[in-house]
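Examining the three-dimensional arrangement
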Amino acid sequence: MNIQEQIKEYITSQPEPKRNDMQALHSIILQVMPACKLWFLDGKNSEGKIVSNPNIGYGFQTIKYADGKTREFYQIGMSANTTGISVYILGIEDKKYLAETYGKKFGKASVSGYCIKFKALKDINIDVLEEAIRFGVEATN
């Protein structure tokens, strides 16, 4: 199964209305990043144990760790969680930037250093989410 098929299967496995929201969000991110690399992480480690929620990733960056090692990873991520949807904007150096710049503008969302969590798309300002995604992509280019 290729990455597009895994993503489609993951989104369609979600209950409504989360499924429609994730499909809409997937389309929005692809409009912002039309030629991006797609990723799908099933949430399992090398032993097959579930260690996180499955993630859809968009874009490409090289993360450099303190010990000098590097790892290729996505710039923007999306996953379903127990109460809604999480969008990850990775690679922003200032861990307060997302919350301070966009936090109050999102609507009903909780914002951490790199994660925006919300129950449903109707609860947030989608234009602000797009703006934050664009910032995240530019910050890691």
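The following paragraphs examine the structure supplied in this document.

About the cut-offs
- Residues numbered from 1 in each chain as written.
- Predicted model: local features only at pLDDT ≥ 70, side-chain atom pairs only at ≥ 80, totals over all residues.
- Heavy atoms only, no water.
- Helix = DSSP H or I, 4+ residues; strand = E, 2+ residues; numbered from the N terminus.
- Rg over C-alpha atoms; globule rule 2.2 N^0.38 Å.
- Buried < 20%, exposed > 50% of the residue type's maximum accessible area, 1.4 Å probe, protein only.
- Contact = heavy atoms within 4.5 Å.
- Areas by Shrake-Rupley, 256 points an atom, 1.4 Å probe, with all protein chains shown as cover.
- Pairing = 2+ DSSP bridges.
- Axes fitted to C-alpha atoms, helices over the stretch in contact; angles between N-to-C directions.
- Core = buried A, V, L, I, M, F, W, Y, C linked by side-chain atoms within 4.5 Å.
- Salt bridge = Lys/Arg side-chain N within 4 Å of Asp/Glu carboxyl O.
- 1 Å grid on protein atoms, 1.4 Å probe; cavity = no way out; pocket = protein on both sides within 12 Å on 5 of 7 lines; lining within 4 Å.
- Points joined across faces, edges and corners; volume = space filled by probe spheres on them.
- Nonpolar A, V, L, I, M, F, W, Y, C, P; charged D, E, K, R; others polar.

This next bit is on the overall build of the protein. Counting its secondary structure elements, the protein contains four helices and eight strands. The helix and strand sequence of the protein, counted from the amino end, reads α-α-β-β-β-β-β-β-α-β-β-α. Here the C-alpha radius of gyration of the protein, 15 Å, is about what a compact globule of 141 residues would show, namely 14 Å. Considering the protein as a whole, with its 141 residues, one finds that 43% of them fall into the buried category. Partitioning the contacts of the protein with sequence separation of at least 6, the portion at a separation of at least 24 is 47%. Carbon together with sulfur atoms contributes 51% to the accessible area of the protein, which is approximately 8200 Å² in total.

With five of five residues buried, strand β6 (residues 85–89) is to be regarded as a mostly interior element. Burial along β6 is two-sided: Ile85, Val87 and Ile89 and Ser86 and Tyr88, pointing in opposite directions, are all buried. Bridge analysis of strand β5 (residues 76–80) against β6 gives five bridges, and the strand direction is antiparallel. Bridge pairing in β6 links serine 79 to serine 86. What sits between β5 and β6 in their antiparallel hairpin is a turn of four residues. Where β6 meets strand β8 (residues 115–118), four bridges bridge the pair, whose relative direction is antiparallel.

The next subject is the sheet that holds β5. What the six strands build is an open sheet, ordered β1-β2-β5-β6-β8-β7; its pairing is antiparallel. At either margin of the open sheet sits one strand with a lone partner, and together these are β1 (38–41) and β7 (109–111). Strand-to-strand twist of the sheet, defined as the mean angle between neighbouring strand axes without regard to direction, takes the value 20°. Bridge count between β7 and β8: three bridges; the pairing is antiparallel. Its bridge partner lying in β8, serine 110 is registered against lysine 117. Of the strands in this sheet, β1, β2 (55–58) and β5 touch helix α1 (residues 3–12), which is tilted by about 55° from β1.

Turning our eyes to something else, we now look at the nonpolar core. With 32 residues, the main nonpolar core has Leu25, Tyr58, Ile76 and Ile89 as its most contacted residues. Apart from the residues lying within four places of it in its own chain, the contact partners of leucine 25 are Met78, Ile85, Val87, Phe118, Leu121 and Leu129.

Attention now goes to the pattern of salt bridges. For the structure shown, the criterion picks out three salt bridges. Put simply, arginine 19 and glutamate 16 hold a salt bridge, and the shortest N to O gap is 3.2 Å. Arginine 19 gets classed as partly exposed once you look at its relative accessible area, which sits at 29%. Of the charged contacts in the structure, one is a salt bridge between arginine 134 and glutamate 130, with a shortest N-O distance of 3.3 Å. Within this pair, arginine 134 and its partner glutamate 130 are both found in helix α4 (residues 126–139), separated by four residues, close to a single helical turn.

Take the layout of surface pockets next. Here the largest pocket defines a volume of roughly 330 Å³. If you trace the largest pocket, you find 16 residues lining it, with Gln61, Phe73, Leu90, Gly91 and Tyr114 closest to the centre. For the lining of the largest pocket, the residue count by class is seven nonpolar, seven polar and two charged.

Worth remembering: the numbers are spatial, not functional.
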